Amino acid sequence: MELIKIYQGNLVSAKELHAFLGVGRDFSTWFSQRVKRYSFIEKKDFTPISGKSTGGRPSKDYAVTLSMAKQLAMVENNDNGRAAREYFI
């Protein structure tokens, strides 16, 4: 059973993880606060990915390592965070 899609190279979409976890904050705020709080490092733990523009600025996602995805899931204190923890473990 796959709760969160894992892409080749053991990467996870931060936006997909955010959606699955059911985080109450908007994606960009959640991601930037988690990076700062847990000292994740760009190009080591995550890589920015620019998406297609829908008339405004291009959307932004991040390819996060499986290790970072696990850590993000483990700090979300809700039912989906618990399910993700069990899935990853």
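Computed from a predicted structure; not experimentally measured.

(A) Structural context of the overall build of the protein chain. Within the protein chain, the secondary structure is distributed over four helices and three strands. Taken against the 2.2 N^0.38 rule, which gives 12 Å for 89 residues, the C-alpha radius of gyration of the protein chain at 13 Å falls within 12% of a compact globule. Dimensions of the protein chain, computed from C-alpha atoms along their principal axes, come out at roughly 40 × 30 × 30 Å. Looking at the protein chain as a whole, 36% of its 89 residues qualify as buried. Sequence separation of at least 24 residues holds for 49% of the intrachain contacts in the protein chain that already meet a minimum separation of 6.

(B) Here's a closer look at the packing of aromatic side chains. Tallied over the full model, the rule gives eight aromatic pairs. With a centroid separation of 6.3 Å and an interplanar angle of 40°, the aromatic rings of Phe 27 and Trp 30 are classed as tilted. Here Phe 27 and its partner Trp 30 are both found in helix α2 (residues 27-38), three residues apart, which amounts to about one turn of the helix. Of the two residues examined, Phe 27 and Trp 30, each falls in the buried class. Geometrically, the ring pair formed by Tyr 38 and Phe 40 is tilted, given 6.4 Å between the ring centres and 50° between the ring planes. Grouping aromatic residues by their ring pairs yields a cluster made of Phe 27, Trp 30, Phe 31, Phe 46 and Tyr 62.

(C) Molecular detail of helix α1 (residues 14-21). If you check which residues of α1 are buried, you get Ala 14, Leu 17, His 18, Phe 20 and Leu 21. Down the axis of α1, the sector holding all buried residues measures 165°, keeping them to one side. Packed against the buried residues of α1 are β1 (11-13), α2, β3 (58-65), α3 (66-75) and α4 (79-88). Phi for Gly 22, located one or two positions after α1, is positive at around 65°.

(D) Local environment of the nonpolar core. Leu 17, Leu 21, Trp 30, Phe 31, Phe 46, Val 64 and Met 68 are the most contacted members of the largest nonpolar core, which totals 22 residues. Breaking this core down by element, the ones donating at least two residues are α1, α2, β3, α3 and α4. Sort the elements by how many residues they give to this core and α3 lands first, with five residues.

Criteria and cut-off values
Residues numbered from 1 in each chain as written. Predicted model: local features only at pLDDT ≥ 70, side-chain atom pairs only at ≥ 80, totals over all residues. Heavy atoms only, no water. Helix = DSSP H or I, 4+ residues; strand = E, 2+ residues; numbered from the N terminus. Rg over C-alpha atoms; globule rule 2.2 N^0.38 Å. Buried < 20%, exposed > 50% of the residue type's maximum accessible area, 1.4 Å probe, protein only. Contact = heavy atoms within 4.5 Å. Phe/Tyr/Trp six-rings, centres within 6.5 Å; stacked < 30°, edge-to-face > 60°. Arc of directions from axis to C-beta. Core = buried A, V, L, I, M, F, W, Y, C linked by side-chain atoms within 4.5 Å.

Note that every value here comes from positions in space, so none of it alone points to a role or purpose.
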